[in-house]
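Close look at the chain arrangement
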Amino acid sequence: MKILVLNCGSSSIKYQVFDMDYEALLAKGLVERVGINGTFIKHQRGDQPKITRDIEAKDHKEGIQHVLEILTDADQGVFKNLDEIKAVGHRVVHGGEKFADSVLITHEVLEAVRECVKFAPLHNPPNLKGIEAIAAILPNVPQVAVFDTSFHQTMPPVAYIYGLPYKYYEQDRIRRYGFHGTSHRFVSHRAAQLLQKPYEKLKIITCHLGNGASVAAIKHGKSVDTSMGHTPLEGLVMGTRCGDIDPALVLHIMKKENLTIDEMDTLLNKKAGILGISQWSSDQRDLEDGYPEQNLKNNKPLANLALEIFAYRVRKYIGAYMAVLNGCDALVFTAGVGENSPIIRDLVCRDMDFLGVKLDPEKNKKTWRGAEGDISTADARVRTLVVPTNEELVIAEDTYAIVRKK
Ligand code: AMP
């Protein structure tokens, strides 16, 4: 069964096609600058070289039409015709409290996803546009929604209720939701497989460290806490997001600099984090290249500070979740930084032997670029693993499972 996976952002459409009979990735690509001048599609069929084509797409529907065109292209395509697409799986960022699992998209589900726009005003609208475009172009193809939030719906109230008047939860469902759920779910399952232990018996801390970053505490197969909250702004210091700060500072800075709500929102989400501290770049590769000596020689001490703050915050959450879980069996690193940065993994895990975490420096140094493995010493009580994430595969698997049952 061939399944198309779509991840629609505000001006981008990421896609992958899987043949789920073999769990094989057939093609993947990305449309960028949807609705802006200079739209292009990058496409890769199997292991063939990537190609880039300039296109015109004034909205997501036109962008998706280009995706379907290239997927049926005689040269670059993977389908003879569109009838071969048996289902479409969508990444949907926010499912609120309604969705603890992935679901077949019906009229009622669409309405519920629309209700969640208030929780994720930047993310859910483009996700909805992708669903509506497929419904218009391929009206008979079943669609499935896979939510970033659903894996964390098992969190208990002590973890998800804020210290605010309770009426905000009762009236508006203001609470912590957590994100990156598909990734935390995927890598924690994979960790159990690598350790050859039953998932339901393990306590795992997963660190999804990319441009957006979060840590999750997973007890016996269920997420019991995670660092992102009502929005993906809470928790770790990220590429451009501030993570946890004293909320009084929002008021203070707005007053002092006479900022509007939108300007403050941009400051917290796009100008803070690694970029804001380093005053240079949100890309950790830039900061790591000269860490630590060359950055000092280049008069960039704040690059070092930004990396160290990033790692320190991850470390603090690991410590907190060790307490929440009463110790853990495995610590998992994933996503762009987690998979590729021995420097960050070393900064995070250094001097944690009291908690049972001990990295083998050689294994740590050698594990990157899509490799998975155990990077801890033989005597470490906690196995520290690197596991490349694959959110698209999770979406395809959930879609396959739901559509097969139909
Ligand atoms: P993601 O959001 O998962 O795509 O991750 C993006 C982040 O991963 C960016 O900050 C990249 O700089 C970072 N990244 C990718 N490759 C490396 C690498 N080799 N070393 C350090 N950071 C990396």
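Please read all numbers here as calculations on a predicted model, not as lab measurements.

**Here's the deal with unusual backbone geometry**
- The omega angle of the peptide bond from Y291 to P292 is -10°, so this bond is cis rather than trans.
- Relative to the assigned elements, P292 resides in the loop between α10 (284-289) and α11 (293-297).
- Its identity is not glycine, yet Q196 carries a phi of approximately 55°, on the positive side.
- Here Q196 shows up in the loop between α6 (181-195) and β9 (203-209).
- Positive phi, close to 60°, is recorded for N326, a residue that is not glycine.
- Mapping N326 onto the fold places it in the loop between α12 (301-325) and β12 (330-334).

**Thoughts on the environment of R114**
- Considering the arrangement of structural elements, one finds R114 in helix α2 (residues 107-115).
- If near-sequence neighbours (up to four positions away) are discounted, R114 is found in contact with L128 and E132.
- In this structure the side chain of R114 is engaged in a polar contact, spanning 2.6 Å, whose partner is the side chain of E111.

**Side note on the sheet that holds β12**
- Pairing is mixed across the open sheet formed by 6 strands, whose spatial order is β11-β10-β9-β12-β14-β13. The sheet terminates laterally at β11 (222-226) and β13 (373-374), the two strands that pair on one side only.
- Sheet analysis places strand β10 (residues 213-219) next to β11, joined by 4 bridges and oriented antiparallel. Across the sheet, I218 pairs through a bridge with S223, a residue of β11.

**Things to note about the site of the ligand**
- With respect to spatial proximity, the complete set of residues near the ligand consists of G210, N211, S282, D283, Q284, R285, E288, A335, G336, V337, N340 and S341.
- R285 is positioned with one of its side-chain polar atoms (N or O) 3.4 Å from an oxygen atom of the ligand.
- Isolated, the ligand exposes 500 Å² of accessible area, and the fraction of that covered by the protein chains is 73%.
- Those elements that place two or more of their residues in the shell around the ligand are α10 and α13 (335-340).
- The leading source of residues in the shell around the ligand is α13, at 4 residues.
- By residue class, the composition of the shell around the ligand is 2 nonpolar, 7 polar and 3 charged.

**Focus: the pairing of β12**
- In terms of burial, β12 is a largely internal element, 5 of the 5 residues being buried.
- Strand direction decides the pairing type here: β9 and β12, joined by 5 bridges, are parallel. Counterpart to C207 in the pairing with β12 is F333.

**What about the UniProt feature "binding site: Mg(2+)" (unreviewed entry) in the protein chain?**
- Those residues carrying the UniProt feature "binding site: Mg(2+)" (unreviewed entry) are N7 and E391 in this numbering. For the residues just named, distributed over 385 residues, the greatest C-alpha separation is only 10.1 Å, placing them together at one site.
- Considering the arrangement of structural elements, one finds N7 in strand β1 (residues 2-8).
- A relative accessible area of 15% means that N7 is categorised as buried.

**Focus on the packing of α2 against helix α3 (residues 124-137)**
- Axis separation between α2 and α3 bottoms out at 9 Å; the angle between their running directions is 160°. The angle between α2 and α3 falls in the class roughly antiparallel. Handedness of the α2/α3 crossing: left-handed. Note on element contacts: α3 touches α2 through N124, L128, I131 and E132, opposite L110, V113 and R114.
- A breakdown of the residues in the contact of α2 with α3 according to their chemical character gives 4 nonpolar, 1 polar and 2 charged.

**Regarding the pairing of β9**
- Counting buried residues in β9 gives 7 out of 7 residues, a clear majority hidden from the surface.
- Neither face of β9 is open: one carries K203, I205, C207 and L209, the other I204, T206 and H208, and all of them are buried.
- Sheet topology places β9 next to β10; 7 bridges connect them, and they run antiparallel. Looking at β10, one finds that K203 is bridged to K219.

**Things to note about the sheet that holds strand β7 (residues 103-104)**
- Spatially, β5-β4-β3-β2-β1-β6-β8-β7 is the arrangement adopted by the 8 strands of the open sheet, whose pairing is mixed. In this open sheet, the two edge strands, each paired with only one partner strand, are β5 (51-54) and β7.
- As defined by bridge partners, strand β2 (residues 12-19) adjoins strand β3 (residues 24-32) across 8 bridges and the pair is classed as antiparallel. Residue pairing across strands places I13 opposite V31, the latter belonging to β3.
- Contacting β1, β2, β6 (85-92), β7 and β8 (143-147), helix α16 (residues 391-405) crosses the sheet at an angle of about 125° to β6.

Criteria and cut-off values
- Residues numbered from 1 in each chain as written.
- Predicted model: local features only at pLDDT ≥ 70, side-chain atom pairs only at ≥ 80, totals over all residues.
- Heavy atoms only, no water.
- Helix = DSSP H or I, 4+ residues; strand = E, 2+ residues; numbered from the N terminus.
- Contact = heavy atoms within 4.5 Å.
- Polar contact = N/O pair within 3.5 Å; in protein donor to acceptor, adjacent residues only side chain to side chain.
- Pairing = 2+ DSSP bridges.
- Near = heavy atom within 4 Å.
- Areas by Shrake-Rupley, 256 points an atom, 1.4 Å probe, with all protein chains shown as cover.
- Nonpolar A, V, L, I, M, F, W, Y, C, P; charged D, E, K, R; others polar.
- Buried < 20%, exposed > 50% of the residue type's maximum accessible area, 1.4 Å probe, protein only.
- UniProt positions renumbered as here; feature names shortened; annotations may be inferred.
- Axes fitted to C-alpha atoms, helices over the stretch in contact; angles between N-to-C directions.
- Parallel < 35°, antiparallel > 145°, perpendicular 65-115°, else oblique.
- Left-handed = near helix turned anticlockwise from the far one by under 90°.

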